[in-house]
Amino acid sequence: DPDPIDLARAGDESFQGLNTHGAVVGLGAPVAGRDPLPYLFVGDAAHELALVPGDETGAALAISDEGWVVGFSGGEAAPWHQGVVERLSFPGAAFSAAEDVNDRGVAVGTATAGGLVAVIWRGSSGVPLPDLGDSLSTARAINDDSWVVGDFRRKHYHGPGDNGIAALWLGDQVYDLNALTIDLPAGVRINSAVDVNEAGQIVGVATVGNTRRA
């Protein structure tokens, strides 16, 4: 429906994810001054998602067509599925968040552990995705074939690519999307890949000359 829908309000909201069934996830603060909480919006109803016991804040960032929801609870990545919430661990992380999930429940996101690390969770324990060496990486989306997209930045580099370099992870390999793109015009640098669909189409952000463009 192209017309806007006035969803039931849960205070100040931020909508973060949408699936093909029209279910929306995000976060809201139901009481003024309260920390944000994760929410699921179905139709015109808002449903507060449970936090991991002991946590006081969280956010829901993505939802798959099969109903997997991911985000974070407290300072750790978390999934919600069939009414259950649990932690997604990553050793040594000061903070982690799952930013996307596919229909098989495989989640990707980022952990802060001596810098930003792209992470994949195929169960409750996450593993780092490979990088190109001396880089900070972020995983932003995953499709049902486990193509993962995101970006990385060199830790000690200043020059072309300072705005980031778009990355594609396939299996145990990471690729610079600039190197894979056929006939990339001169002066165009793909900085970040933010989503990928089941057909393998990728969208993101590029620098064209000195301008940031979708």
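Up top you'll find the structure we're talking about.
Just so it is clear, the structure is predicted and the values come from calculations on it, not from any experiment. (Residues numbered from 1 in each chain as written. Predicted model: local features only at pLDDT ≥ 70, side-chain atom pairs only at ≥ 80, totals over all residues. Heavy atoms only, no water.)

**Student:** Could you clarify how one ought to interpret the nonpolar core in this entry?
**Tutor:** Generally speaking, nonpolar side chains in soluble globular proteins are found buried as a group. In terms of nonpolar packing, the biggest core is built from 13 residues, with Val108, Ile120, Leu129, Ala139, Ile142, Val148 and Trp169 touching the most fellow members. The biggest single contributor to this core is strand E15 (residues 165-170), with three residues. Apart from residues lying up to four places away in sequence, Leu129 is in contact with Ala118, Val119, Ile120, Ala139, Val148 and Trp169. Ala62, Ala77, Ala111 and Val119 belong to the second-largest nonpolar core, a separate cluster that totals twelve residues. (Core = buried A, V, L, I, M, F, W, Y, C linked by side-chain atoms within 4.5 Å. Buried < 20%, exposed > 50% of the residue type's maximum accessible area, 1.4 Å probe, protein only. Helix = DSSP H or I, 4+ residues; strand = E, 2+ residues; numbered from the N terminus. Contact = heavy atoms within 4.5 Å.)

**Student:** Please clarify how the layout of surface pockets should be interpreted in this entry.
**Tutor:** With a probe scaled to a water molecule rolled over the atoms, the places where space remains empty come into view. Roughly 540 Å³ of internal volume is contained in the largest pocket. Lining the largest pocket we find 27 residues, and of these Leu18, Ile63, Asp100, Ile142 and Asp195 sit closest to its centre. Of all elements in the fold, only strand E1 (12-18), strand E5 (58-63), strand E9 (95-101), strand E13 (135-142) and strand E17 (188-196) reach the threshold of two or more residues within the lining of the largest pocket. (1 Å grid on protein atoms, 1.4 Å probe; cavity = no way out; pocket = protein on both sides within 12 Å on 5 of 7 lines; lining within 4 Å. Points joined across faces, edges and corners; volume = space filled by probe spheres on them.)

**Student:** Got a minute to help me understand the pattern of salt bridges in this structure?
**Tutor:** Proximity of charged atoms lets side chains of opposite charge pair with each other. Taken as a whole, this structure holds three salt bridges when the rule is applied. We note a salt bridge from Arg87 to Glu76, for which the minimum N-O separation is 3.5 Å. Taken together, the residues span a long stretch of sequence, with Arg87 in the loop between strand E8 (84-85) and E9 and Glu76 in strand E7 (residues 76-81) at a distance of eleven residues. Here Glu76 falls in the partly exposed class, since its relative accessible area comes to 30%. Three or more residues joined by partner-sharing salt bridges are found here, namely Asp55, Glu76 and Arg87. (Salt bridge = Lys/Arg side-chain N within 4 Å of Asp/Glu carboxyl O.)

**Student:** I tried to follow unusual backbone geometry on my own but got confused; where do I start?
**Tutor:** Of all residues except glycine, most have a negative phi; of all peptide bonds, most are trans. Despite not being glycine, Gln82 has its phi angle at roughly 55°, a positive value. Mapping Gln82 onto the fold places it in the loop between E7 and E8. Accessibility expressed as a relative area gives 72% for Gln82, which makes it exposed. At Asp183, a residue that is not glycine, the phi angle is positive and equals roughly 55°. Looking at the secondary structure, you find Asp183 in the loop between helix H1 (177-180) and E17.

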